Amino acid sequence: MTLRRTIVVAGNGMVGHKLVETLLERGAGDEGWDIVVFGEEPRLAYDRVGLSSFFTGTTPEELSLVEPGAYEGVDIRLDDRIDSVDRVARMVTSSTGAVVPYDALVLATGSYPFVPPVPGHDLPGCFVYRTIDDLELIQAYAAGRRVGAVVGGGLLGLEAANALHALGLETHVVEFAPRLMPVQIDGGGGAALRSRIEALGVAVHTSMQTTELVAGPDGAVATMRFAESDDLEVDMVVFSAGIRPRDEIARECGLDVGERGGVVVDEGCRTSDPRIYAIGECAVAAGRVWGLVAPGYEMARTVADRLLGGDETFTGADLSTKLKLMGVDVASFGDGFGSTDGAQSIVFDDPVAKVYKRLVVDADGTRVLGGIFVGDASTYQLLLQMARGDMPTPDHPEQLIFPAASGDSAVALGVGALSDTATVCSCNNVTKATICQAIGDQGLTDVGGIKACTRAGSTCGGCVPLVTELMRDELRKAGVEVHNHLCEHFEYSRQELFDIVRVHRVVSFSELLASHGRGRGCEVCKPAVASMLASLGGGYILDGEQAGLQDTNDHFLANLQRDGTYSVVPRVPGGEITPDQLIAICEVAKDFGLYTKITGGQRIDLFGARVEQLPAIWARLIDAGMESGHAYGKALRTVKSCVGQNWCRYGVQDSTSMAIRLELRYRGLRAPHKLKSAVSGCTRECAEAQSKDFGVIATERGWNLYVCGNGGMRPQHAVLFADDLDDDTLVRYIDRFLMFYIRTADRLERTATWFNKLEGGIDYLRSVIIDDALGICAELEAEMERHVATYECEWKATIDDPARMRRFRSFVNADRSDPSVVMVSERGQRRPAYRHEKLIPVEVLP
């Protein structure tokens, strides 16, 4: 009979959970170990990395890391922490008085948030940002409050700021260092990050030392005082100024601790007592405290291996990280600060786009050493592998961070160049070889299966794009058809899913998910399905479940601008507008203080509207005979036109009337991406029809139709599809073309990109649209007729329904305007203030 031994785990955070999970996976019970876990919180381990999603509706249950039945056989004691350790008797005593003997004790107590010992730090209205309980307290207290401040501009500080901003508070970030995220990014990166965050309406104060928090008449915090600046009036303060190891148990029982705290451990994560281990943020391993989850997971795997007779070691970890903070991509890896002897830095800094990239290479420029990215981290995974030595550095590595010059092609480096030992998932220590072997041995064909089998991508998700590419590469090499699934929740391409929605007449995302998907959906499939439902006449896009699926601009039927205000673009079919409509636009702009500008699509854009002003603005425009221009949606934008034969001496057809006919027919048509069109009255091409998704040019015998052109970032000349068409044939061909594109394109794919991938090119497209080779033209025409018959202006549908009007508020918990929106005057109009201008009274600006 095997002698039973007991492992006691102090702490059930992410790292403590990883230890228990690893022990169970490796059969610790069969090896004679019983596991007892003490958790200080009242709930099982949850995802602290995704903690901020609590404020966007994720429930504590959804954050949980512990699947039902996963802890079978484990003695789990929640809401009960270990208070003391008797090392001689090998016993622990908990806060509830429970006494448990141990053969091995693992300290996974994590850390606590550091609160600067300034006077007033414990006033009512002061919080920390660490647990679900903390977030529930913050959410409850914020109701009805106006101003919130976060002390700390690091990773968690910016997460906390995002939470306060989402709760409707005027938000300030106060950082002692001269830049945000000083541990991860340099001065250039800090400037770009600050610029992006301030553009969201969050005030940033760097090089600021808080000296005192002062109470108001009600005894709660009301004022922050600083050594360097004037006071800041606040209603609540959240401390997120770093962490400190939870090492009090170790201190009390006489274990060795570091000078700055933390339980000192060796390469096996063993403390000065050979029967006690420490892992995660409470431990000093390889000379430092590791504040990320991936190193903690490595320590957990090390201890599990040691307890089961192995000799695995922890000698340090990669601190590379890629995050999305307040919607901004931020990444750092390797020697991002260039401290290696002879290191050289290649810097791309675009202050207009607010993108900063620093690539550090060795003295010869032949090896990537590290990097820092803010605003665009698309090449992070490739460069990270180069810095690790798992992928060769190409000639001219600067091409990996600079935009491609005209005519140049990007550096092509596929995942095949990765070495087999390359670590793809740092959180779970999964290599390329492990993933490739699982794909081959288990016959895996989707990312969800790889996650379940290898754990790659199941923690922070940052490596999922690389995992996806690896999977596709392995399947191609094996001769397996590579599926273009929309995402891990739907094993269908966008085209297949669109057909399912159309044929089965699906009317909601939840219905589609239940019948043809799995899980809860994601940021990829939700807006994609929302677009499909809208394309097929799904009704008002903000009703019920539909509202939660929409992209940013669709949430309020207007375009979000950098200062948090919105722009309003009424439809001007064909560019034709009456004097009364012009007067109405001018009066609206004056009455609401909006910045006005003529757009490239022959319309007038009104900038600077607050959310609560939108319905009133729409009502005035609708009364003048106008409607939504759908500038916010993946839909038809405009059909430009010249004046045609009515006025122009060169015109051969009435281009304005045709443009108006087309725009009124296709208005509101939702598609995989935006659609633009134009009609020119002669071959002089004043409307630039050959740069549009579909363009029309008049001839003496009718109309020439061009398709799949594109302006903008990647210009592409449209292709002549058919010539000398009469009016009705022209419209019929465009009907078929648009609905065929909507049926078959991938998500966020413009017509030009779709056409370039279309096997058979223009000849195939003509065979489908003109010759009806697929026998679907009648269906395509019927779908377009249904769209035309069911179209309604979304602005009017909103203002006609009081229930729909209620969503148009700046804050969900207060009826007031966003105080962070500040305007200044320039050339006789108002525009958003830059940060330095917000410090100057608006009325004294020129």
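Residues numbered from 1 in each chain as written. Predicted model: local features only at pLDDT ≥ 70, side-chain atom pairs only at ≥ 80, totals over all residues. Heavy atoms only, no water.

Colleague: Please provide a residue-by-residue account of the overall build of the protein, values included.
Modeller: The number of helices and strands found in the protein is 24 helices and 38 strands. Against the compact-globule benchmark of 28 Å for 846 residues, the protein has a radius of gyration of 30 Å, which places it among compact chains. Dimensions of the protein along its principal axes, counting C-alpha atoms only, are 100 × 70 × 55 Å. In the protein, buried positions account for 53% of the 846 residues. (Helix = DSSP H or I, 4+ residues; strand = E, 2+ residues; numbered from the N terminus. Rg over C-alpha atoms; globule rule 2.2 N^0.38 Å. Buried < 20%, exposed > 50% of the residue type's maximum accessible area, 1.4 Å probe, protein only.)

Colleague: A description of the sheet that holds strand β34 (residues 694-699) should follow, citing residues and the corresponding values.
Modeller: Strand order in the open sheet formed by five strands is β32-β33-β34-β35-β36, and the pairing between neighbours is mixed. One side of each edge strand has no neighbouring strand; the edge strands of this open sheet are β32 (636-641) and β36 (719-725). Taking the axes of each pair of neighbouring strands and ignoring which way they run, one obtains an average angle of 15° across the sheet. Strand direction decides the pairing type here: strand β35 (residues 702-707) and β36, joined by four bridges, are antiparallel. Bridge assignment links Leu705 to a residue of β36, and that residue is Ala722. Sitting on the sheet, helix α20 (residues 761-769) is in contact with β35 and β36, with an inclination near 40° to β36. (Pairing = 2+ DSSP bridges. Axes fitted to C-alpha atoms, helices over the stretch in contact; angles between N-to-C directions. Contact = heavy atoms within 4.5 Å.)

Colleague: Can you explain the environment of Ile660? Please cite residues and give values.
Modeller: Among the secondary structure elements, Ile660 is positioned in helix α17 (residues 655-666). According to the relative accessible area criterion, Ile660 is buried, its value standing at 18%. The spatial distance from the C-alpha of Ile660 to the C-alpha of Thr638 is 9.6 Å, given a sequence separation of 22 residues. Residues in contact with Ile660, not counting those within four places in the same chain, are Pro573, Gly574 and Glu576.

Colleague: Explain the pairing of strand β37 (residues 823-826) residue by residue, including any values.
Modeller: Pairing between β37 and strand β38 (residues 829-832): four bridges, direction antiparallel. Along β38, the bridge assignment pairs Val824 with Arg831. The antiparallel pairing of β37 with β38 creates a hairpin that spans two residues between the two strands, and Arg827 there sits at a positive phi of about 55°.

Colleague: Tell me about the packing of helix α10 (residues 447-454) against helix α11 (residues 464-477), and please be specific about residues and values.
Modeller: The N-to-C vectors of α10 and α11 enclose an angle of 105°; their axes lie 10 Å apart at closest approach. The pairing of α10 with α11 is recorded here as roughly perpendicular in orientation. Contacts between α10 and α11 involve Val447, Ile450 and Lys451 from the former and Val464, Val467, Thr468 and Met471 from the latter. Its residues assigned to classes, the contact of α10 with α11 shows five nonpolar, one polar and one charged. (Parallel < 35°, antiparallel > 145°, perpendicular 65-115°, else oblique. Nonpolar A, V, L, I, M, F, W, Y, C, P; charged D, E, K, R; others polar.)

Colleague: Describe empty space enclosed by the protein, with residues and values.
Modeller: Counted under the stated rule, the structure contains one cavity of 30 Å³ or more. Along the walls of the largest cavity sit Ser535, Leu536, Gly537, Met739, Glu783, Arg786, His787 and Thr790, which together make up its complete lining. At four residues, helix α21 (residues 777-790) tops the list of elements feeding residues into the lining of the largest cavity. (1 Å grid on protein atoms, 1.4 Å probe; cavity = no way out; pocket = protein on both sides within 12 Å on 5 of 7 lines; lining within 4 Å. Points joined across faces, edges and corners; volume = space filled by probe spheres on them.)

Colleague: Help me get a handle on the sheet that holds strand β14 (residues 221-226), residues and values and all.
Modeller: Strand order in the open sheet made by the three strands is β13-β14-β15, with antiparallel pairing throughout. The sheet is open, and its two borders are formed by β13 (210-215) and β15 (232-233), each paired with just one other strand. Where β14 meets β15, two bridges bridge the pair, whose relative direction is antiparallel. From the neighbouring strand, Met224 faces β15, where its bridge partner is Leu232.

Colleague: Explain the nonpolar core to me, using residue names and the numbers behind them.
Modeller: By size, the foremost hydrophobic cluster in this structure holds 93 residues, and its most contacted members are Leu107 and Ile279. No other element matches helix α7 (residues 293-307), which puts eight residues into this core. Once residues within four sequence positions are removed from consideration, Leu107 is found in contact with Ala10, Ile249, Ala250, Leu255, Val263, Ile276, Tyr277, Ala278, Ile279 and Cys282. Grouped together as the second largest cluster of nonpolar side chains are 60 residues, Phe498, Val501, Leu533 and Trp754 included. (Core = buried A, V, L, I, M, F, W, Y, C linked by side-chain atoms within 4.5 Å.)

Colleague: Give me the pattern of salt bridges: which residues, what numbers.
Modeller: Counted according to the given criterion, the structure contains 52 salt bridges. Note that Asp75 and Arg77 form a salt bridge whose closest N and O atoms lie 2.9 Å from each other. Arg77 gets classed as partly exposed once you look at its relative accessible area, which sits at 27%. One salt bridge connects Glu785 with Arg665, and the closest N-O pair in it is separated by 2.6 Å. Placement of the pair is Glu785 in helix α21 and Arg665 in helix α17, with a sequence separation of 120 residues. Overall, the relative accessible area of 16% leaves Arg665 in the buried class. Residues joined in a network through salt bridges with shared partners are Asp499, Arg502, Arg743, Glu779 and Glu783. (Salt bridge = Lys/Arg side-chain N within 4 Å of Asp/Glu carboxyl O.)

Colleague: Could you give an account of the confidence of the model for the protein, naming the residues involved and the relevant values?
Modeller: Predicted confidence across the protein gives a mean pLDDT of 88, with 94% of residues reaching 70 or more. Low pLDDT, under 50, characterises residues 405-412; the stretch is placed with five contacts to residues that sit more than four places away or in other chains. (pLDDT = per-residue confidence, 0-100.)

Colleague: Tell me about the environment of Asp800, and please be specific about residues and values.
Modeller: Tracing the backbone through its elements, the reader meets Asp800 in the loop between α22 (794-799) and α23 (802-805). Along the backbone, Asp800 and Pro615 are 185 residues apart, and their C-alpha atoms lie at a distance of 9.8 Å. In terms of polar contacts, Asp800 uses its side chain to reach the side chain of Lys796, at 2.7 Å. (Polar contact = N/O pair within 3.5 Å; in protein donor to acceptor, adjacent residues only side chain to side chain.)

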